[in-house]
Amino acid sequence: MKTTINPIELQKHLGGIDYPASKQELIRAAREHNASQEIIRALEALPDREYDGPNAVSAAVTKR
């Protein structure tokens, strides 16, 4: 069963990050903001590239 990540929750855990940001920067920020394991796993599954902003991250997470 696929878990759906709430984009608002995702962005809450990425607050304060400077874009563009790499996949590793996103994961680090999520961990620092105590994101759930579901969010961490979703970020870990993203392609290894830079993301231009919150919308790019949300779009990539929902496409996986």
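As a reminder, the structure under discussion sits directly above these lines.
Description of the structure in this document.

Criteria and cut-off values
Residues numbered from 1 in each chain as written. Predicted model: local features only at pLDDT ≥ 70, side-chain atom pairs only at ≥ 80, totals over all residues. Heavy atoms only, no water. Helix = DSSP H or I, 4+ residues; strand = E, 2+ residues; numbered from the N terminus. Buried < 20%, exposed > 50% of the residue type's maximum accessible area, 1.4 Å probe, protein only. Lys, Arg positive; Asp, Glu negative; His and termini not counted. Salt bridge = Lys/Arg side-chain N within 4 Å of Asp/Glu carboxyl O. Polar contact = N/O pair within 3.5 Å; in protein donor to acceptor, adjacent residues only side chain to side chain. Contact = heavy atoms within 4.5 Å.

As for its position among the elements, lysine 23 is in helix α2 (residues 23-32). The buried charged residue lysine 23 lacks any salt bridge partner; its closest oppositely charged side chain belongs to aspartate 48, at an N-O distance of 5.4 Å. Of the polar contacts made by the side chain of lysine 23, one reaches the backbone oxygen of leucine 46; its length is 3.0 Å. What lysine 23 contacts, discounting residues up to four positions off in sequence, is Leu43, Glu44, Leu46, Pro47, Asp48, Arg49 and Tyr51.

Take unusual backbone geometry next. Excluding glycine, residues mostly have negative phi values, and the peptide bonds linking residues are mostly trans. Between tyrosine 19 and the following residue, proline 20, the backbone shows a cis peptide bond with an omega angle of 0°. Tracing the chain through its elements places proline 20 in the loop between α1 (7-13) and β1 (21-22). Notably, asparagine 34 is not glycine yet its phi reads approximately 55°, a positive angle. Here asparagine 34 is to be found in the loop between α2 and α3 (37-44).

Geometric values such as these leave the question of function open.
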